[in-house]
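# Secondary and tertiary structure notes
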Amino acid sequence: MVQGSANLNTEINEKWLQEYVDNWVGFFKKQTVDGEVASYIPILAEADQEALGISIIGKNGVAIKSGNTEEKFTIQSISKVLTFIVACMERGLAYVLSRVDVEPTGEAFNSIMHLEITQPKKPFNPLVNSGALTVSSMLEGKTSDRKLEALFILLEKMIGYRPQINVETYESERDTSMRNRAIGYYLLEGDYLESDLGITLETYFKQCSIEITIDDLARIGLVLSNDGYDPDTNEEIIPRAISRLAKAMMLTCGMYNASGKFAAYVGIPAKSGVSGGILAVVPPRVRDEELPFLEGCGIGIYGPALDNQGNSIAGIKLLRHVANQWDLSLF
């Protein structure tokens, strides 16, 4: 009888949570008109500006999603978190951090400035393009496909299937990304690339072109929330130390040059991509009152209309509202 009551309460709570999230998505979807879809990668300009969706998956099995939940989109810069994790698993934390720092830049994600004015010309962190290219060059393998094999294995463990590369997006990025080629030459000058520039760029463009859903992002976030362990099997997918460092960098560097404001006003680790995706991680927290997802959760958001920093304009507002309403902040 008690167990039945507990299940009934869970069902009622999920119903209430679903109604809240449906209302919030409906409200913030109206604000997509304030942003613009990315156009410097031509294929991304074809996205539906008005799309907005969210998926939240908790450790206790509670799952809420609303809005444009079935859309597939490319992972873009969110892949930088995952390739950093793979590089650390393959090469060791100490070695990777000898090649890439963990400091915020306060600059645009594709800026070359810090490579020009600092000595040594070490990338500030793995979540800006210079750091991501350095990390991509470190991945084991002599071809881009071999370099990305460990990433696909990691993704399959976290989301339950092997995602695919969107070839049209890959070719669009490959044929238009002059800035990343320029960054690559700066890195070559500083001796930070460990593979041929062409192979490094090919690897990077392919990793950004992996196609996923908001459910996939939420599942990835849930594993990171659980310090790298599968919450269902308790299998270690990512070593705890690497998982924790990845979350720290997401909190301080994950939202481009709006990372400081995001940490202050939202207060959870997150990483965005210019396709409109946001990966967010809510670790377990202690509160006196009963609140949703106290045991932690992963959140995936998709909203391709971007603000001036390259983040989903409605997605950030939605995530901030959810975090404030449910007291998800680490602080």
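Preceding block: the structure.
Description of the structure in this document. Per chain, residues are indexed from 1 in the order of the written sequence. Per-residue local features are limited, in this predicted model, to residues with pLDDT of at least 70; the limit for side-chain atom pairs, both in listing and counting, is 80 or more; totals at the level of whole chains, interfaces and linings are taken over all residues. With hydrogens and water excluded, all non-hydrogen atoms of the structure serve as input to the side-chain values.

### Looking at the overall build of the protein
Across its full length, the protein carries 13 helices and seven strands. Two things to know: the radius of gyration comes from C-alpha atoms, and the globule rule equals 2.2 Å times the number of residues to the power 0.38. Here the protein has a C-alpha radius of gyration of 19 Å; the compact-globule value for 331 residues is 20 Å, and the two agree. Summary of the burial criterion: residues with accessible area below 20% of their type's maximum are buried, those above 50% are exposed, and those between are partly exposed, where the area comes from a 1.4 Å probe applied to protein chains only. Relative to its full complement of 331 residues, the protein shows a buried share of 56%. Contacts: residue pairs with any heavy atoms within 4.5 Å of one another. For the protein, the share of sequence-separated contacts (at least 6 apart) that also reach a separation of at least 24 residues comes to 70%. Counting only carbon and sulfur atoms, one obtains 50% of the accessible surface of the protein, whose full area is about 14000 Å². Charged side chains in the protein number 30 positive and 43 negative. The centres of these two groups are separated by 4 Å. Helix and strand definitions here come from DSSP, where helices need a minimum of 4 consecutive H or I residues and strands a minimum of 2 consecutive E residues; each element is numbered from the N-terminal end. The accessible surface values rely on the Shrake-Rupley method and a 1.4 Å probe; as for residues, cover is taken only from the protein chains in view. His is not counted, nor are the chain ends, whereas Lys and Arg count as positive and Asp and Glu as negative. To locate a charge, take NZ of a lysine, CZ of an arginine, CG of an aspartate or CD of a glutamate.

### Some points on the packing of aromatic side chains
The relation between two aromatic rings is expressed through the spacing of the ring centres and the mutual angle of the planes. Classification of ring pairs rests on two measures: the distance between centres of Phe, Tyr or Trp rings, Trp counted by its six-membered ring, which must be within 6.5 Å, and the angle between planes, read as stacked under 30 degrees, edge-to-face over 60 and tilted in between. Counted under the stated rule, the structure contains six aromatic pairs. For the ring pair W24 and W326, a centre distance of 5.4 Å and an interplane angle of 55° mean the geometry is tilted. Here the residue W24 occupies a position in helix α1 (residues 2-29), and W326 occupies one in the segment after α13 (313-325), the gap between them amounting to 302 residues. For W24, a relative accessible area of 13% gives the class buried. Residue W326 is classed as buried on the basis of its relative accessible area of 5%.

### Observations concerning the pattern of salt bridges
For this analysis, a salt bridge means a side-chain nitrogen from Lys or Arg found within 4 Å of a carboxyl oxygen belonging to Asp or Glu. In the structure shown here, the tally under the stated rule is twelve salt bridges. One salt bridge in this structure joins R162 and E149, with 2.8 Å as the shortest N-O distance. Here E149 lies in helix α6 (residues 144-159) and R162 lies in the loop between α6 and α7 (167-176), a separation of 13 residues in the sequence. In this structure, R287 and D327 form a salt bridge, with 2.6 Å as the shortest nitrogen-oxygen distance. With R287 in the loop between β6 (277-282) and β7 (297-302) and D327 in the segment after α13, the pair connects residues that are 40 residues apart, well separated along the chain. Overall, R287 belongs to the partly exposed group, its relative accessible area being 23%. Overlapping salt bridges bring together D227, R240, R244 and K247 as one network.

### Let's talk about the packing of α6 against helix α10 (residues 214-225)
Orientation is described by axes fitted as lines to C-alpha atoms, over the contacting stretch for helices, and by angles from 0 to 180 degrees between their N-to-C directions. One can describe the packing of α6 onto α10 by two numbers: an axis separation of 9 Å at closest approach and a directional angle of 90°. Judged by the inter-axis angle, α6 sits roughly perpendicular to α10. Contacts between α6 and α10 involve L155, M158 and I159 from the former and D216, R219, I220 and V223 from the latter. For this classification, under 35 degrees means roughly parallel, over 145 means roughly antiparallel, 65 to 115 means roughly perpendicular, and everything else is oblique.

### Let's talk about α10
Along its twelve residues, α10 runs 16 Å from first to last C-alpha, staying within 8% of the 16 Å computed at 1.5 Å per residue. The element α10 is largely enclosed, with a buried count of eleven among its twelve residues. Among the residues making up α10, those that are buried are I214, D215, D216, L217, A218, I220, G221, L222, V223, L224 and S225. D227, located one to two residues past α10, shows a positive phi value of around 55°. Expected span, for any helix, means 1.5 Å times one less than how many residues it has.

### Here we look at the side chain of S275
Looking at where S275 falls in the secondary structure, it is placed in the loop between β5 (270-272) and β6. Pairs of N or O atoms are called polar contacts if they sit within 3.5 Å, as long as, within protein, a hydrogen donor faces a hydrogen acceptor (for residues adjacent in sequence, only side-chain-to-side-chain pairs). Separated by 2.6 Å, the side chain of S275 and the backbone oxygen of T74 make a polar contact. Those residues in contact with S275 that sit more than four places away from it in its chain are L44, F73, T74, Q76, Y302 and P304.

### So, the nonpolar core
Note on terminology: a nonpolar core comprises buried Ala, Val, Leu, Ile, Met, Phe, Trp, Tyr and Cys residues joined through side-chain atoms within 4.5 Å. Core analysis: the largest hydrophobic core is formed by 41 residues, its most contacted members being I85, M158, I220, L224 and I238. With 30 residues, the next largest nonpolar core counts I56, M255, I301 and L318 among its residues.

### Observations concerning the packing of helix α2 (residues 79-91) against helix α9 (residues 197-208)
Contact pair α2 / α9: the axes reach a minimum separation of 9 Å and the direction vectors enclose 125°. For the element pair α2 / α9, the angle class is oblique. For the pair α2 and α9, the sense of crossing is right-handed. Of the residues in α9, those touching α2 at S79, K80 and T83 are Y204, Q207 and C208. In this scheme, a crossing is called left-handed if the near helix is turned counterclockwise away from the far one by less than a right angle; it is called right-handed if the turn is clockwise.

### A short note on α7
Among all positions of α7, only T169, Y170, S172 and E173 are buried. An end-on view of α7 places all buried positions within 165° of arc, on one side of the element. Relative to its buried face, α7 has exposed residues pointing more than 90 degrees away, namely E168 and D175. Where α7 is buried, its residues touch β3 (73-74) and α9. The N-capping residue of α7, defined by a side-chain oxygen 3.2 Å from the backbone nitrogen of E168, is N166. By arc we mean the arc of the directions from the helix axis to the C-beta atoms, nothing more.

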